[in-house]
Amino acid sequence: MIKVAITGINGRMGAMICDTVLDQPDMKLVAGFDLVVDKQVGKITVSSISDIDKVLRKTKPNVLIDFTIAAACVQNVKAAASAGVDVVVGTTGFDELQQSAMKADIEAGRIRAIISPNYSVGVQVFLKLLREASKNLGGCDIEIIEAHHNKKKDAPSGTALKAADVIASTLTGEKPKYVYGREGTAPRSGGEIGIHAVRGGDIVGDHTVLFACDGERIEIKHQAHSRQAFASGAVKAARWLVSQKPGIYSMDDMFR
Ligand SMILES: NC(=O)c1ccc[n+]([C@@H]2O[C@H](COP(=O)([O-])OP(=O)(O)OC[C@H]3O[C@@H](n4cnc5c(N)ncnc54)[C@H](O)[C@@H]3O)[C@@H](O)[C@H]2O)c1
């Protein structure tokens, strides 16, 4: 039985992951944390995040799934690493300092961690298609357009940045510059990837990569219709993670 804890359990993603975990015959929800507490979910009562050290030591989960906000996630990963609990990081919007702090804590705790800005299986295929397209369309103008609901805090999305990194690592020559939106006099230069964030309504998550060439263009697009795509992927990732060696993994490793 895989014992699971969830941070951000009251959130849009956290609540869906909670329901998905409760449906798994080989998983048991042993702890849930958020800012507003005392709600009963399954057989547990949501705990205050300020009690995370105490509750992790008492309930001994194998894995903690975190979908919160970047600053909170870094603290939650630190607590998990010091309690020897593996982590599935779904939170996005980290700056470089936060990323390196999180990685250092994971390594110091010798735990297993999977970090992905997008747990949908479809997005992994989308990223593979981008790699393939970039090999042949490197000379074209490349623009990434993402759209999300109006409550999303970080922009551009972690997936849009991941798509840009995948493209940049496939292109030959100098690393392209990322240009975030355009305003005023802003002519396009050759070596750039434009990244644009649209926010509105209840859009779950759309990502389009446009390869615009002379006389033709290709668009590669992924659209998530439901958060269940991310929740199911995060739960699969938790199951996969607990049988790996200590270290930091991405969704690519899961699909090798
Ligand atoms: N990796 C993926 O596949 C994927 C998919 C969707 C969303 N996300 C990311 O997941 C994160 C959460 O998204 P959401 O739509 O569920 O947001 P949300 O605002 O609905 O939920 C976040 C939850 O975290 C809680 N929280 C905030 N600070 C906390 C703390 N210190 N400790 C514990 N809980 C805390 C909030 O109270 C809230 O309940 C965002 O970073 C989002 O970009 C990732």
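Trainee: Before we move on, could you go through the state of the cysteines and cite the residues and values that matter?
Mentor: What makes a disulfide is a covalent bond joining the sulfur atoms belonging to two cysteines. Under the counting rule described, the total for this entry stands at one disulfide. Linked covalently through their sulfurs, Cys-140 and Cys-213 form a disulfide whose S-S length is 2.1 Å. Since a negative S-S torsion denotes a left-handed disulfide, the Cys-140-Cys-213 link at about 95 degrees is right-handed. Linking Cys-140 in the loop between α5 (121-137) and β9 (141-148) with Cys-213 in strand β12 (residues 205-213), this pair joins segments that are 73 residues apart in sequence. Overall, the relative accessible area of 22% leaves Cys-213 in the partly exposed class.

Trainee: Describe the pairing of β12, and please don't skip the residues or the numbers.
Mentor: In summary, the side chains of a regular strand alternate between the two faces of the sheet. The buried fraction of β12 is high, at seven of nine residues. The pairing of β9 with β12 spans seven bridges and is classified as antiparallel. Within the sheet, the bridge partner assigned to Ile-144 lies in β12 and is Val-209. Of the pairings in the sheet, the one linking β12 to strand β13 (residues 216-224) comprises nine bridges and is antiparallel in character. Paired with Leu-210 across the bridge in β13 is Glu-219.

Trainee: An account of the sheet that holds strand β11 (residues 192-199) is needed here, citing residue identities and associated values.
Mentor: Judged by pairing direction, the sheet is mixed, and its five strands sit side by side in the order β10-β11-β9-β12-β13 without closing on themselves. Only two strands of the sheet have a single partner each, and these edge strands are β10 (177-180) and β13. Pairs of neighbouring strands in the sheet enclose a mean axial angle of 20 degrees, with direction left out of account. Inspection of the sheet shows β9 paired to β11 by seven bridges, in the parallel sense. Paired with Ile-144 across the two strands is Ile-195, which belongs to β11. Sheet strands in contact with α5 are β9, β12 and β13, and its direction is about 165 degrees off that of β13.

Reading guide: rules and limits
Residues numbered from 1 in each chain as written. Predicted model: local features only at pLDDT ≥ 70, side-chain atom pairs only at ≥ 80, totals over all residues. Heavy atoms only, no water. Disulfide = S-S within 2.5 Å. Helix = DSSP H or I, 4+ residues; strand = E, 2+ residues; numbered from the N terminus. Buried < 20%, exposed > 50% of the residue type's maximum accessible area, 1.4 Å probe, protein only. Pairing = 2+ DSSP bridges. Axes fitted to C-alpha atoms, helices over the stretch in contact; angles between N-to-C directions. Contact = heavy atoms within 4.5 Å.

Function cannot be read off these values alone, since they describe shape.
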